[in-house]
Amino acid sequence: MTQRTRNWLLVAPAGTWLLVMLVLPLSVVFIFSFGERAPSGGYVPAFTFEQYANLPARFTAFKNTLMLAPLGTLAALIIAYPLAYQLAVHTSDKWKTLLLVLVIVPFWTSILIRSYAWIFILGGRGIPALLDIVGVEDVRLINTSFAVLVGIIYGYLPLMVFPIYVSLDRLDKRLLEASSDLGAHPFSTFLKVTLPMSISGIATGCMLVFILLMGEFLIPALLGGGKVFFVGNALVDLFLQSRNWAYGSAVAVMLIVIMLVTVTLYMRLISRLNGQREDAPLM
Amino acid sequence: MSDDTQITKKKFMEELRSYQKGSVTRRHFLGVTGLGAASAVMGTALPGLRASPAFAAGDIGDRVVLATWPNYHDQANFDMFTDKTGAFLQVNVFGSNEEMLAKLQAGGSGWDVYVPTNYTITTYVEEGLIEPLDVSKLPNYDASAFDPRFADAGTVDGVLYAVPKNWGTTGFALNTSHTGGKAMDSWKDFFDRTMDDFSGRTMVHDYQLTTIGAALNYHGYSFNSVDEKELADAEKLLIDVKPHLFAISSDYQPSMRSGDAWMTICWTGDGKQLNTDIPDIQYILGKEGGELWSDYYAIPKGAPHTEAAYALINFMLDPEVNAREVLAHGYPVADSRTNALLPEEMLNDPILYPAAELLNALEFGAAATLTDPNRAELMARFKSA
């Protein structure tokens, strides 16, 4: 067996997987997006750009997604970084395991159930009732963009914590000592050593959270009361309620295009931040 | 099971043997061994606990899959069905007829019985998604016992495709403790007050039929209208109202019960359930009109367990079973045999059986209303506005 054949054989399983699970479905979606809705719903073959011309009718869905997904990612990062830093740098091994488990535990329960808990916490009998006692009246939290943002941060936080934790945990503590020996202030050590060394973790965390958020539909539906509409919700409605598969496919294609563009730009930015360090892992 | 009734290993094996030989019933076996409650939960996980059909009423297989609506059945009846036939009942709950249709159009739903609403049945027939019913397998179905008003839609071109389950109306539920004593009896009140003192307290269905229908009724148009100008008026109203809504959702009971929402578009049974628990919440039919509907039992084409499907429908049509259903969910039936078994106060309940002039103002949904692409798109625009 030549080296070449062996290489092909090794790539074959993953290649087949990609073809069957990614390329084929995406091709179907792409083809459908040029079709038309059948009279009582579904798809009939056609070649028209009508569905793409209709995309502006989903402007709000794209706008909400493109505002709340980066905002949610950023907020998750701001909350996750100090937590991951504390866990990786300042926590003893004994406590580390326990605290890491505590970060994972919420993942053992369905996000559906956990979001229902937030409905109660943010609803009239939850936080607003407490605020009422201290004299702040008539606060409305549930079914707002704020509630959706809270749900998003809560739901996706572990996905942000772990990559950052891993990158900080691998950090060579001798570098920090060296920095301090050379007279750097701890804050300056953090900015000049720790932060740049953890950039790959931040990049991975942000990417994971952002990509998943772009397709989110459950949290906006539950905590936004059907009023904070994401592209994910538009897709659910187009396929299940309007049964307009052609239009739904066009919206899906648009979402994929936006994701490809933003993620590519983002990866460029990260590799620039990593500077000339050719060895720096991206993910 | 308390400790003093704890069954010994030996006794358990004895009972298991006699159950396997068929000398005791499944119910006796489950009761004595304490597995009854466990098997209700674990029926699918442990197939061995399910009765083999050979000992049951007939050979209908080990399971039946039902696609239906929320708050719409009595679990005790389901358990009884499993006890009698050995077929475990798996339930899928849906939010709208559109969603149900979409699932069937996509294929491979795996359902044996589903519960379509009157105006969808012709579409199912046209799309070849529904099985004609063999009446000989439904001895409990007596066509003459049903009010034709609520049974007619089950027959298309002289072929019986579906038998009536329940009927009801679509109105709104209102928490009267917030009205300031001013009466509300119309869709005009519903939307006007939402934009006024009910701002942030009203819910509408996540369902084009009823939400657009109510907005059309506001303007005095037909609930079923697909007229472009009339739909445009309805859309404008909905867009104006949207900032004042608490939510767009068909799951309105939790918010009405917690007091977060004060008013919502509402179906009969939910109105009854809310009113029973919280008397301040009243169920109101808009005097401009609204929806009158009837749900049916039907079998989708290619159902994997057809015999079990017939057995389930037949079981549910038993007047005594049906009466227990009504007592549990509060939706009226069109079957006079069932009504004869219901308590008088239920039959006189104005939520369940509205006054004739209110009822006559209502319209059945039309097939075109379900499939109209403009209505579907209007709803989507309203939600993404």
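All figures in this text were calculated on a predicted structure; none of them were measured in a lab.

**Considering the overall build of chain B**
For step 1, the next point in the chain: In terms of helices and strands, chain B carries 19 helices and twelve strands.
For step 2, the next point in the chain: Burial analysis of chain B (385 residues in total) assigns 55% to the buried set.
For step 3, the next point in the chain: For chain B, the share of sequence-separated contacts (at least 6 apart) that also reach a separation of at least 24 residues comes to 74%.
For step 4, the next point in the chain: Summing over all exposed atoms, chain B offers an accessible surface of approximately 15,300 Å²; the carbon and sulfur share of this is 53%.

**Section: the side chain of B:Asn217**
All names here are of chain B.
For step 1, the next point in the chain: Structurally, Asn217 can be placed in helix α9 (residues 208–218).
For step 2, the next point in the chain: Here Tyr221 takes part through its backbone oxygen, which lies 3.3 Å from a polar atom of the side chain of Asn217.
For step 3, the next point in the chain: Ignoring any residue separated from it by four or fewer positions in sequence, one finds Asn217 in contact with Trp187, Ser222, Phe223, Glu288, Gly289 and Gly290.

**Points about the packing of aromatic side chains**
For step 1, the next point in the chain: Applying the stated rule across the entire model yields 28 aromatic pairs over all chains.
For step 2, the next point in the chain: Ring plane angle 15° and centroid distance 3.8 Å describe the contact between A:Phe32 and A:Tyr43, whose orientation is recorded as stacked. In this pair, A:Phe32 is assigned in helix α1 (residues 3–32) and A:Tyr43 in the loop between α1 and α2 (50–53), connecting sequence segments eleven residues apart.
For step 3, the next point in the chain: On the basis of relative accessibility, which here comes to 21%, the residue A:Phe32 falls in the partly exposed class.
For step 4, the next point in the chain: Judged by relative accessible area, A:Tyr43 falls into the partly exposed class, the value being 21%.
For step 5, the next point in the chain: Here the basic side chain of B:Lys165 rests over the ring of B:Tyr72, its NZ or CZ set 3.6 Å away from the ring centre.

**Focus: empty space enclosed by the protein**
Over the atoms rolls a probe the size of a water molecule, and in doing so it shows where empty space is left.
For step 1, the next point in the chain: For the structure on display, the rule yields one cavity of 30 Å³ or more.
For step 2, the next point in the chain: Estimates place the volume of the largest cavity at around 90 Å³.
For step 3, the next point in the chain: In terms of lining residues, the largest cavity is bounded by A:Asp237, A:Gln241, A:Ser242, B:Glu98, B:Asp206, B:Tyr207, B:Gln208, B:Leu370, B:Ala376, B:Met379, B:Ala380 and B:Lys383.
For step 4, the next point in the chain: When contributions to the lining of the largest cavity are tallied by element, the ones reaching two or more residues are α12 (231–241) of chain A together with α19 (373–384) of chain B.
For step 5, the next point in the chain: For the lining of the largest cavity, the element with the most residues is α19(B), which contributes four residues.
For step 6, the next point in the chain: Across the lining of the largest cavity, the residue classes break down as five nonpolar, three polar and four charged.

**Comments concerning helix α7 (residues 145–169) of chain A**
Residues and elements named next belong to chain A.
For step 1, the next point in the chain: With 25 residues, α7 should reach 36 Å at 1.5 Å per residue; the first-to-last C-alpha distance of 35 Å fits that figure.
For step 2, the next point in the chain: Where α7 bends most, the angle comes to about 45°, and this point is Tyr156, followed within four residues by the proline Pro158.
For step 3, the next point in the chain: The buried fraction of α7 amounts to 19 of the 25 residues, a majority that puts the element mostly inside the structure.

**As for the interface of chain B and chain A**
For step 1, the next point in the chain: Across the contact, 32 residues belong to chain B and 29 residues belong to chain A.
For step 2, the next point in the chain: Across the interface of chain B and chain A, roughly 2,400 Å² is buried in total on both sides, 46% from carbon and sulfur atoms.
For step 3, the next point in the chain: For the chain B face of the interface with chain A, the top three residues by lost area are B:Phe246, B:Lys383 and B:Ser384, together amounting to 21%.
For step 4, the next point in the chain: Applying the counting rule to chain B against chain A returns three salt bridges.
For step 5, the next point in the chain: A:Arg58 serves as the salt-bridge partner of B:Glu377, at 3.0 Å between the closest nitrogen and oxygen.
For step 6, the next point in the chain: Between chain B and chain A we count 13 residue pairs in polar contact (both at pLDDT 80 or more) in total.
For step 7, the next point in the chain: Looking at the side of chain B that touches chain A, the elements with two or more residues in it are α5 (97–106), β8 (245–248), α11 (253–258), α18 (367–371) and α19 of chain B.

**A short note on the nonpolar core**
For step 1, the next point in the chain: If you look at the biggest cluster of nonpolar residues, it comprises 135 residues, and the most contacted ones within it are B:Tyr114 and B:Val163.
For step 2, the next point in the chain: At 14 residues, α7(A) tops the list of elements feeding residues into this core.
For step 3, the next point in the chain: One finds B:Phe191, B:Ala214, B:Tyr218 and B:Phe382 within the second-largest nonpolar core, a separate group that totals 28 residues.

**A word on a nonpolar patch on the surface**
Residue and element names in this part refer to chain A.
For step 1, the next point in the chain: Together, Trp17, Leu18, Leu19, Val20, Met21, Leu22, Val23, Leu24, Leu26, Ile256 and Leu260 give the surface a local cluster of nonpolar side chains, amounting to about 1,000 Å² of exposed area.
For step 2, the next point in the chain: Contributing elements (two or more residues each) for the nonpolar patch: α1 and α13 (245–273).
For step 3, the next point in the chain: With nine residues, the top contributor of residues to the nonpolar patch is α1.
For step 4, the next point in the chain: By the secondary structure assignment, Ile256 is in helix α13.

**Quick notes on the confidence of the model for chain A**
For step 1, the next point in the chain: Per-residue confidence for chain A averages 90 on the pLDDT scale, and 97% of its residues sit at or above 70.
For step 2, the next point in the chain: For chain A, per-element mean pLDDT is lowest for helix α8 (residues 173–181) of chain A, which scores 88, and highest for α2(A), which scores 95.

**A short note on the packing of helix α4 (residues 75–85) of chain B against helix α13 (residues 306–317) of chain B**
All names here are of chain B.
For step 1, the next point in the chain: Two elements in contact, α4 and α13, have axes separated by 11 Å at closest approach and are oriented at 130°. By the angle class used here, α4 and α13 are oblique. The handedness of the crossing between α4 and α13 comes out as right-handed. For the pair α4 and α13, the contacting residues are Asn77, Phe78, Met80, Phe81 and Lys84 in the first and Ala308, Ala311, Leu312, Phe315 and Met316 in the second.

**Observations concerning α12(A)**
For step 1, the next point in the chain: Extensive coverage of α12(A) is indicated by the burial of eight of its eleven residues.
For step 2, the next point in the chain: The set of residues buried in α12(A) consists of A:Val231, A:Gly232, A:Asn233, A:Ala234, A:Leu235, A:Asp237, A:Leu238 and A:Gln241.
For step 3, the next point in the chain: Where α12(A) is buried, its residues meet α3 (59–90), α11 (218–223) and α13 of chain A together with α5 and α19 of chain B.
For step 4, the next point in the chain: Looking one or two places after α12(A), you find A:Arg243, whose phi comes out positive at around 50°.

**So, the packing of α7(A) against helix α10 (residues 199–214) of chain A**
All names here are of chain A.
For step 1, the next point in the chain: Here α7 crosses α10 at 155°, and the two axes come no closer than 7 Å. In terms of orientation, α7 lies roughly antiparallel with respect to α10. For the pair α7 and α10, the sense of crossing is right-handed. The segment α7 lies against α10, with Ile152, Tyr156, Leu159, Met160, Pro163, Ile164 and Ser167 engaging Ser200, Gly201, Ile202, Thr204, Gly205, Cys206, Leu208, Val209, Leu212 and Leu213.
For step 2, the next point in the chain: Among the residues making up the contact of α7 with α10, the classes are represented as twelve nonpolar, five polar and no charged.

**Remarks on the environment of A:Ser33**
All names here are of chain A.
For step 1, the next point in the chain: Looking at the secondary structure, you find Ser33 in the loop between α1 and α2.
For step 2, the next point in the chain: Sequence separation between Ser33 and Val228 is 195 residues, and the spatial gap between their C-alpha atoms is 25 Å.
For step 3, the next point in the chain: With sequence-adjacent residues up to four places away left out, Ser33 is seen in contact with Thr48, Gln51, Tyr52, Ala246, Ser249, Ala250 and Val253.
For step 4, the next point in the chain: A distance of 2.6 Å separates the side chain of Ser33 from the backbone oxygen of Phe30, its partner in a polar contact.

**Notes on the environment of B:Pro354**
All names here are of chain B.
For step 1, the next point in the chain: As for its placement among the helices and strands, Pro354 is situated in the loop between α16 (344–347) and α17 (356–360).
For step 2, the next point in the chain: It is 27 Å that separates the C-alpha atoms of Pro354 and Ser258, two residues lying 96 residues apart in sequence.
For step 3, the next point in the chain: Every residue in contact with Pro354, bar those within four places of it in the chain, is listed here: Trp167, Thr169, Leu285 and Leu359.

Parameters and conventions
Residue positions are given per chain, counting from 1 as you read along its sequence in written order. Chains and ligands are labelled by the order in which they are written, letters from A for the one and numbers from 1 for the other. Selection of residues for local features in this predicted model requires a pLDDT of at least 70, selection of side-chain atom pairs for listing and counting requires 80 or more, and totals for whole chains, interfaces and linings are taken over all residues. Only hydrogens and water are set aside when side-chain values are computed; all heavy atoms of the structure are taken into account. Only DSSP runs of H or I with at least four residues qualify as helices, and only runs of E with at least two residues qualify as strands; both kinds are numbered from the N terminus onward. Note on exposure labels: buried denotes an accessible area under 20% of the residue type's maximum, exposed denotes more than 50%, and partly exposed covers the range between, all computed with a 1.4 Å probe on protein chains only. We call two residues in contact when some of their heavy atoms are within 4.5 Å. Areas reported here follow the Shrake-Rupley algorithm with a probe of radius 1.4 Å; residue values treat only the protein chains shown as occluding. Each polar contact in these results corresponds to two N or O atoms within 3.5 Å; when the atoms are within protein, one needs to be able to donate a hydrogen and the other to accept it, and residues that are neighboring in sequence are counted only if both atoms are side-chain atoms. Aromatic contacts are taken between Phe, Tyr and Trp rings whose centres are within 6.5 Å, Trp giving its six-membered ring; a plane angle under 30 degrees counts as stacked, one over 60 as edge-to-face, and the others as tilted. We count a charge as sitting over a ring when the NZ of a lysine or the CZ of an arginine lies within 6 Å of the ring centre and within 35 degrees of the ring normal. Note on definitions: the grid is 1 Å and covers protein atoms alone; a cavity is a set of points where a 1.4 Å probe fits but cannot get out; a pocket is an open set with protein on both sides within 12 Å along at least five of seven lines; lining residues have an atom within 4 Å of a point. Grid points are joined across faces, edges and corners, and a volume is the space filled by probe spheres set on the points. Only Asp, Glu, Lys and Arg are considered charged, only Ala, Val, Leu, Ile, Met, Phe, Trp, Tyr, Cys and Pro nonpolar, and every remaining residue, Gly among them, polar. What a helix is expected to span follows from its residue count: subtract one and scale by 1.5 Å. What we call the bend at a residue is the angle made by axes fitted to the seven residues finishing there and the seven residues starting there. In this description, buried area is defined as the sum, over both parts, of the accessible area (probe of 1.4 Å) that is lost when the two are combined. Definition used for salt bridges: Asp or Glu carboxyl oxygen within 4 Å of a side-chain nitrogen of Lys or Arg. As used here, the term nonpolar core means buried Ala, Val, Leu, Ile, Met, Phe, Trp, Tyr and Cys residues forming a set that is joined through side-chain atoms within 4.5 Å. Patch members must show over 30% relative accessible area and no salt bridge, and they are joined within 9 Å when carrying like charges or within 5 Å when they are nonpolar side chains of Val, Leu, Ile, Met, Phe, Trp or Tyr. A score between 0 and 100, pLDDT records how confident the predictor is in each residue. To obtain an axis, a line is fitted to C-alpha atoms, over the contacting stretch when the element is a helix, and the angle between two such axes runs from 0 to 180 degrees between their N-to-C directions. For this classification, under 35 degrees means roughly parallel, over 145 means roughly antiparallel, 65 to 115 means roughly perpendicular, and everything else is oblique. Take the far helix as the reference: if the near one is turned anticlockwise from it by less than a right angle, the crossing is left-handed, and if turned clockwise, right-handed.

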